[in-house]
Amino acid sequence: MVDTVDIKTGYSCNNDCYHCVIADKRRELIKNGRKVDRSTEEVIHHINEATMEGAESIVLTGGEITIRGDFFQLVEYALSKGLTVIIQTNGKMFYYEEFAKRIASYDKVHLTVALHSPKPEVHDRITGSKNSFKQTTEGIRNLKKHGIGNRVGGKIVMSKMNYKDLPELIKLAHNLGLMSVNIAFPHAMGNAQLNFYDCVPKYSEIKNYILKTIRKSLELKMYIDFEAMPLCFLPGYETFASEFRLSEHTELRDLTHIDPNYTKTRKTKAKVKDPKCTRCKLYLLCEGCWDDYAEGYDTTELTPIPGQYIRDPRMLESFKIHPVPIYKKNINTVTSEKTPFQLK
Ligand code: SF4
């Protein structure tokens, strides 16, 4: 059964990130004279279908959903269907206090806000939008001020422009009151594909910064995880891989296509490993890397870890410091008042 339905409401955005994965689709639609956003009725239709399929939660994303005139209408409609609503956003609209106050008032709404550098000028360069750092950070402050609690988390897309600053960025997120941050390795589609060698770092290049970032998060008692990191690049911290926390069955409703089982597509087509990975004890738990990474570079950096196959993440040593929640998957904010560190 579907757990989560990921609905792309459209591709319009008030940023133009150099790692944006949908920028090429938006350009293509515009070139062909087609609309880049779904109508209200179309989004409602997808919400209805998600409900009929038995989904517990939906992800609403864009582009940037908060710039739609029907933003609150869509959120309220999804809530009226009993769904938990997860919104991925650049957070700029929450700079406007009334806007932040209204979204913070809904109990079953979780926000994932993108923040890409602790340095304002670097964040603005990554987003292609002047003053976006100021708007996003103020937006997070407003959400916290109006009682969103731990239902807001951070999202960082790492790149060549920011990986050295990840520990500082975690510290900034902590100072802003975020208890959880998901850090994604760039998926080289859209602008990230165009800017591949300027944007996508090699795993071996970032490994030490990843470990420093994890240690910083433990020091701050923050909840972080990493998307699209092969487990051999998280030595001793394998359960920090976000894939362990994703829903078992996500359906993707993009503007250009519907994938009834994106989870399976991700694991079996979009991610690849090296032939030598079959000799790795983490082979059955690990998804490897994005296929576009293997095309742009290669998979020689992936390093098998000798030993008997491990089938359950609870058998990993790192489970003790960062347990994988068995419930509430696909919500990367802390869903309890207690952090995972307190839950131990
Ligand atoms: S060697 Fe392959 S299977 Fe093992 S952790 Fe690395 S990518 Fe995963």
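Criteria and thresholds
- Residues numbered from 1 in each chain as written.
- Predicted model: local features only at pLDDT ≥ 70, side-chain atom pairs only at ≥ 80, totals over all residues.
- pLDDT = per-residue confidence, 0-100.
- Contact = placed C-beta atoms within 7 Å.
- Near = placed C-beta within 6 Å.
- Nonpolar A, V, L, I, M, F, W, Y, C, P; charged D, E, K, R; others polar.
- Helix = DSSP H or I, 4+ residues; strand = E, 2+ residues; numbered from the N terminus.
- Pairing = 2+ DSSP bridges.
- Axes fitted to C-alpha atoms, helices over the stretch in contact; angles between N-to-C directions.
- Buried ≥ 20, exposed ≤ 12 C-beta atoms within 10 Å, placed from the backbone.
- Parallel < 35°, antiparallel > 145°, perpendicular 65-115°, else oblique.
- Left-handed = near helix turned anticlockwise from the far one by under 90°.
- Expected span 1.5 Å × (residues − 1).
- Bend = angle between axes of the 7 residues up to and from the residue.
- Arc of directions from axis to C-beta.

A. Geometry of the confidence of the model for the chain. When the pLDDT values of the chain are averaged, the result is 91; 94% of them are 70 or greater. Throughout residues 327-344 the model reports pLDDT below 50, and contacts reaching past four residues in sequence, or to other chains, amount to 40 contacts.

B. Up close: the site of the ligand. Taken together, 15 residues form the shell around the ligand, and within it P230, C232, C277, C280 and C286 come nearest. In terms of residue class, the shell around the ligand is built from eleven nonpolar, two polar and two charged.

C. Summary view of the environment of S129. Note on placement: S129 falls in the loop between helix 5 (120-127) and helix 6 (132-145). Along the backbone, S129 and C17 are 112 residues apart, and their C-alpha atoms lie at a distance of 8.1 Å. Those residues within four positions of S129 in sequence are excluded, and the remaining contacts are N14, N15, D16 and D124.

D. Region of the structure containing the sheet that holds strand 1 (residues 4-8). As summarised here, the arrangement of the nine strands in space is 7-6-5-4-3-2-1-8-9, forming an open sheet in which the pairing is mixed. Looking at which strands have only one partner, the edges of the open sheet turn out to be strand 7 (223-227) and strand 9 (258-259). Two elements, strand 2 (residues 57-61) and strand 3 (residues 84-89), share four bridges in a ladder whose sense is parallel. Paired with V59 across the two strands is I86, which belongs to strand 3. Against the sheet, helix 7 (residues 166-175) makes contact with strand 5 (152-157), strand 6 (180-184) and strand 7, and its axis sits at roughly 150° relative to strand 6, the strand it touches most.

E. View of the pairing of strand 8 (residues 250-253). In this structure, strand 1 lies alongside strand 8, joined through four bridges in parallel fashion. Each residue of the ladder has a partner; that of V5, found in strand 8, is E251. The pairing of strand 8 with strand 9 spans two bridges and is classified as antiparallel. Bridge pairing in strand 9 places R253 opposite I258.

F. How the structure looks around unusual backbone geometry. Residue G63 is reached from G62 by a cis peptide bond, and omega for that bond is 20°. Within the fold, G63 resides in the loop between strand 2 and helix 3 (71-80). Positive phi, normally seen in glycine, also occurs at N131, with a value near 70°. Position of N131 among the secondary structure elements: in the loop between helix 5 and helix 6. For N131, a count of 14 C-beta atoms within 10 Å corresponds to the partly exposed category.

G. Region of the structure containing the environment of V109. Summarising the element assignment, V109 is placed in strand 4 (residues 109-114). Using a count of 20 C-beta atoms within 10 Å as the deciding quantity, one classes V109 as buried. For V109, the residues in contact, after removing those within four places along its chain, are V75, V85, I87, I103 and R151.

H. Region of the structure containing the packing of helix 2 (residues 40-52) against helix 3. Close contact between helix 2 and helix 3 brings their axes to 10 Å; oriented N to C, the two are set at 20°. On the basis of their axis angle, the class for helix 2 and helix 3 is roughly parallel. Helix 3 is crossed by helix 2, and the crossing has right-handed handedness. Residues T40, V43, I44 and I47 of helix 2 touch helix 3, and the partners they reach there are Q73, L74, Y77 and A78.

I. Focus on helix 10 (residues 203-220). In this model helix 10 runs 25 Å from its N-terminal to its C-terminal C-alpha over 18 residues, within 8% of the 26 Å that 1.5 Å per residue would give. At Y209, helix 10 is deflected by roughly 25°, the largest bend along its length. Among all positions of helix 10, only Y203, I206, I210, T213, I214 and S217 are buried. Considering only its buried residues, helix 10 is in contact with helix 7 and strand 7. Looking one or two places after helix 10, you find K221, whose phi comes out positive at around 60°.

J. Focus on the pairing of strand 1. Across the five residues that make up strand 1, a large majority, five, are buried. Side chains of strand 1 alternate between two faces, with T4, D6 and K8 and V5 and I7 buried alike. Where strand 1 and strand 2 come together, five bridges link them in parallel fashion. Across the sheet, residue K8 finds its bridge partner in strand 2, namely T61.

K. Structural view of helix 3. For helix 3, every residue scored as buried is listed here: F71, L74, V75 and A78. Down the axis, helix 3 shows its buried residues gathered within 95° of arc, on one side only. Residues of helix 3 that are buried sit in contact with helix 2, strand 2, strand 3 and strand 4.

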